[in-house]
Amino acid sequence: MSNTPNNGIPYAQEATLDPAASLNQALDTVDALLQLEAQAIQNDPPGSASDGDRYLVAIGTGAWTGKDGQLARYVADPGYWQFFPAKVALIKASGLLYINGSSGWQVANRPAALPQITGDTSSDLAGVVTQMLSALNEVYWDNQVS
């Protein structure tokens, strides 16, 4: 069975008696990678996890050994970790966006302070949009790897 090129989602097997098994595996992968929000970045599994909890693996230890830079997702029944390649994730607690670059998981770079939007926002839409675009021009990804 082959996988999709970008996210490694398994294709449903052809000519199988039970197509639901491979389809469910593909749906499970989509669920793990869609709208990616992780609990935290850490080296080892948490003491307890709920079904579907996702973590970014920094330098894997314990059950995560050898899984550096991957996304770990907990499956409660029967109780194991799945691992996926991931490029971008939001950390739930901090609200920070992380990218998986050449040095592992890193916070996406952003200016120390975004400029304050000034002026009459009700009548000067062009001025406000210009200020917003100028502010966004300073935001970039650090060490992004394609």
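Quantities reported herein were computed from a predicted structural model and do not represent experimental measurements. (Residues numbered from 1 in each chain as written. Predicted model: local features only at pLDDT ≥ 70, side-chain atom pairs only at ≥ 80, totals over all residues. Heavy atoms only, no water.)

Engineer: Sorry, what's going on with the side chain of Gln82 here?
Structural biologist: Tracing the backbone shows Gln82 in strand 5 (residues 80-85). Overall, the relative accessible area of 15% leaves Gln82 in the buried class. One polar contact links Gln82 to Arg73, side chain to side chain, over a distance of 2.8 Å. Once residues within four sequence positions are removed from consideration, Gln82 is found in contact with Asp28, Leu71, Ala72, Arg73 and Val75. (Helix = DSSP H or I, 4+ residues; strand = E, 2+ residues; numbered from the N terminus. Buried < 20%, exposed > 50% of the residue type's maximum accessible area, 1.4 Å probe, protein only. Polar contact = N/O pair within 3.5 Å; in protein donor to acceptor, adjacent residues only side chain to side chain. Contact = heavy atoms within 4.5 Å.)

Engineer: Sorry if this is basic, but what is going on with the pairing of strand 5 here?
Structural biologist: A regular strand carries its side chains on alternate faces of the sheet. In the sheet, strand 4 (residues 70-75) pairs with strand 5 via six bridges, with the strands oriented antiparallel. Residue pairing in the sheet places Gln70 in a bridge with Pro85 of strand 5. Between strand 4 and strand 5, which pair antiparallel and follow one another directly, the connecting turn spans four residues, one of which, Gly79, has a positive phi of 105 degrees. (Pairing = 2+ DSSP bridges.)

Engineer: Explain the sheet that holds strand 4 to me, please; I cannot follow it from the model alone.
Structural biologist: Strand pairing in a sheet takes place through backbone hydrogen bonds and is either antiparallel or parallel in direction. Strand order in the open sheet formed by four strands is 2-3-4-5, with mixed pairing between adjacent strands. This sheet does not close on itself; its edge strands, each paired only once, are strand 2 (41-42) and strand 5.

Engineer: Any chance you could explain the environment of Gly69 here in plain terms?
Structural biologist: Following the sequence through the fold, Gly69 ends up in the loop between strand 3 (54-57) and strand 4. Considering only alpha carbons, one finds Gly69 and Lys87, 18 residues apart in sequence, at a separation of 8.9 Å. The residues touching Gly69, leaving out its near neighbours within four places in the chain, are Val57, Ala58, Ala86, Asn100 and Trp105.

Engineer: Help me understand the nonpolar core, please; the structure alone is not making it clear to me.
Structural biologist: Most often, soluble globular proteins keep nonpolar side chains buried together rather than apart. Core analysis: the biggest nonpolar cluster contains 11 residues, these being Leu33, Leu36, Ala38, Leu56, Leu71, Phe84, Ala86, Ala89, Ile91, Tyr98 and Trp105. Of all hydrophobic cores here, the second largest spans six residues; its members include Tyr55, Val57, Trp64 and Ala72. (Core = buried A, V, L, I, M, F, W, Y, C linked by side-chain atoms within 4.5 Å.)

Engineer: Which parts of the structure should I look at to understand the sheet that holds strand 1 (residues 37-38)?
Structural biologist: Strand order in the open sheet formed by four strands is 1-6-7-8, and the pairing between neighbours is mixed. Both outer strands of the open sheet, strand 1 and strand 8 (104-107), are each paired with one neighbouring strand and no more.

Engineer: Explain the packing of aromatic side chains here, please?
Structural biologist: Two numbers describe a pair of aromatic rings. These are the distance of the centres and the angle of the planes. Inspection of the entire model under this criterion finds four aromatic pairs. Measuring from centroid to centroid gives 6.0 Å for Tyr55 and Trp81, while their planes differ by 75 degrees, and the two rings are edge-to-face. Pair noted here: Tyr55 is in strand 3 and Trp81 is in strand 5, with a separation of 26 residues, a long-range link. Residue Tyr55 shares its accessibility class with Trp81, and that shared class is buried. Among the aromatic residues, those joined into a ring-pair cluster are Tyr55, Trp64, Tyr74 and Trp81. (Phe/Tyr/Trp six-rings, centres within 6.5 Å; stacked < 30°, edge-to-face > 60°.)

Engineer: Please clarify how unusual backbone geometry should be interpreted in this entry.
Structural biologist: For residues besides glycine, phi is generally negative; the peptide bonds are generally trans as well. The residue after Asp77, namely Pro78, is reached through a cis peptide bond having omega 25 degrees. Inspection of the secondary structure puts Pro78 in the loop between strand 4 and strand 5.

Engineer: What's the story with the confidence of the model for the chain in this structure? I'm lost.
Structural biologist: Low pLDDT marks regions whose predicted coordinates should not be analysed in detail. Scored by pLDDT, the chain has a mean of 78; 73% of the residues are at 70 or more. Within the model, the stretch residues 140-146 combines pLDDT values under 50 with 16 contacts to residues more than four positions away or in other chains. (pLDDT = per-residue confidence, 0-100.)

Engineer: What's the story with a nonpolar patch on the surface in this structure? I'm lost.
Structural biologist: Judged by side-chain polarity, Leu125, Val129 and Leu133 come together as a nonpolar surface patch covering roughly 290 Å² of accessible area. Considering the arrangement of structural elements, one finds Leu133 in helix 2 (residues 125-137). Given the relative accessible area of 56%, Leu133 is considered exposed. (Patch = residues over 30% accessible without salt bridge, like charges linked within 9 Å, V, L, I, M, F, W, Y side chains within 5 Å. Areas by Shrake-Rupley, 256 points an atom, 1.4 Å probe, with all protein chains shown as cover. Salt bridge = Lys/Arg side-chain N within 4 Å of Asp/Glu carboxyl O.)

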